[in-house]
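Residues per chain, in single letters:
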Amino acid sequence: VRLEVARGSLLVSGIGELVTNRPGLGAGPLGVLHGVDLVIDGGEVAFIGAAGTAPPADALVEAAGRCVVPGFVDSHTHLVFAGDRAAEFTARMAGEPYEAGGILSTVAATRSASDLGLLEVATKLAREAEAHGTTTLETKSGYGLSVLDESRCLDVAGKVAEEVTYLGAHVVPPEYRGREHDYVSLVKGPMLEACAAKAKWCDVFCEKGAFGPEAAREILQAARARGLGLRVHANQLTHGEGVKLAVEMGAASADHCTHLDRADLEALAGSTTVATLLPGAEFSTRSGYPDARLLLDSQVTVALATDCNPGTSYTTSMAFVIALAVREMHMTPDEALWAATAGGARALRRDDVGALGLGDRGDLVVLDAPTSAHLAYRPGVDLVLTVVRAGHVIASKRL
Ligand code: NIG
Ligand code: FE
């Protein structure tokens, strides 16, 4: 999607608590201010000052003492698919385990869907994400797994998300069973050829039942040579080499990080690779959560994202993910909010989003709450009142 920047300026007045994520601007690591006005002009934050002192603007959002936070940065979703897997979820809640193979039922449905059908689903989910406060969205292919289907899934992804990822290496499709090496050659050869121009990132599901570290490395190397940035689905279901590989390859993000040992932790801590935690997946597969405390206490940069997909985490709500991170992973409400905004921006190597300092993109959420802690404190309650991206009101409960 091309970012639409608002023509006129927008004043958000009477903000009770403003989280800027710019420590120099206010209190604590989140740079919190109280009783302020904020103006967005030319798509960027142009003014922050005491309430009542803002210059006149073309449009007005009255915060009326509420809390305003940076728009959420959801750095990991899979929105291009057809069908759902409610039956698989129901069976899992009755005791069935989750296996990487479940992906194949979505692949079959996706392959038989029309381009328009795929676009309809992805658009609906992207709008749902916006209504829940997401202003920067990443999404990927990975349910096509043929040159044609991956390529058309990326076309759809590019229409609904700012950040697009090629995930031809999600699982080995059935027609390549027993010929995994041939599939890897396809993914790093003709499929990459067809997909590279449609994506900014390449991701690999490095896992038992998906791709081993050697195959994953080959694919990532080929993608890097084509100018793509790298991300890895790493150490989700079992302990493996994914996290170390992500660090070795200089990936922007190692996603999941559920099964980590000392060496993984040290590798992450000494790197620029962000650990992106996706607790919606552990919630919906009823499995153990990643050790966020250990990561944070080891100075690893942590991001939170939804992983929205029909198999393991069918949610677009970053607020829900924040609540899980606080309750289940012992992150403080401040750490969780930072990870869902500035952390996501780091995971996408973006410095224009995820914060609300002067010159940052004018992406914000007005919460129907006095403080940001309410995001975790009021689980399951949609507190998102108004969502602004680049100075545009893109969702509002009271328009
Ligand atoms: O991030 N881990 C791999 N991919 C998805 C699950 C995809 C699916 O089950 O359809 C994930 O959890
Ligand atoms: Fe995922």
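Note: the structure precedes this text.
What counts, and at which threshold
- Residues numbered from 1 in each chain as written.
- Chains lettered and ligands numbered in written order.
- Predicted model: local features only at pLDDT ≥ 70, side-chain atom pairs only at ≥ 80, totals over all residues.
- Heavy atoms only, no water.
- Helix = DSSP H or I, 4+ residues; strand = E, 2+ residues; numbered from the N terminus.
- Rg over C-alpha atoms; globule rule 2.2 N^0.38 Å.
- Contact = heavy atoms within 4.5 Å.
- Areas by Shrake-Rupley, 256 points an atom, 1.4 Å probe, with all protein chains shown as cover.
- Donors = N, O, S within 2.8 Å, 3.2 Å for Na, K, Ca; no water.
- Buried < 20%, exposed > 50% of the residue type's maximum accessible area, 1.4 Å probe, protein only.
- Salt bridge = Lys/Arg side-chain N within 4 Å of Asp/Glu carboxyl O.

### Quick notes on the overall build of the protein
Across its full length, the protein holds 15 helices and 16 strands. Whereas a compact globule of 399 residues would reach a radius of gyration of roughly 21 Å, the protein reaches 20 Å, a difference of no more than 12%. Seen along its three principal axes, the alpha-carbon backbone of the protein occupies a region of about 70 × 45 × 45 Å. A sequence separation of at least 24 residues applies to 70% of the contacts in the protein between residues at least 6 apart. Split by element, the accessible area of the protein, about 15200 Å² in all, is 53% carbon and sulfur.

### Topic: the coordination of the iron ion (ligand 2)
Within the first shell, the iron ion (ligand 2) binds the protein through His-76 (NE2), His-78 (NE2), His-233 (NE2) and Asp-307 (OD), at distances of 2.0 to 2.3 Å. In terms of primary sequence, the donors binding the iron ion (ligand 2) are separated according to H-x1-H-x154-H-x73-D. Pair check on accessibility: His-76 and His-78 agree, each one buried.

### Notes on the pattern of salt bridges
Between side chains of opposite charge, pairing is possible as soon as their charged atoms come close. Evaluation of the coordinates by the stated rule reveals 26 salt bridges. The salt bridge involving Lys-244 is made with Asp-264; its shortest N-O contact spans 3.5 Å. Remark: Asp-264 occurs in helix α9 (residues 262-269) and Lys-244 occurs in helix α8 (residues 242-248); sequence separation between them is 20 residues. Assessed through its relative accessible area of 0%, Asp-264 is described here as buried.

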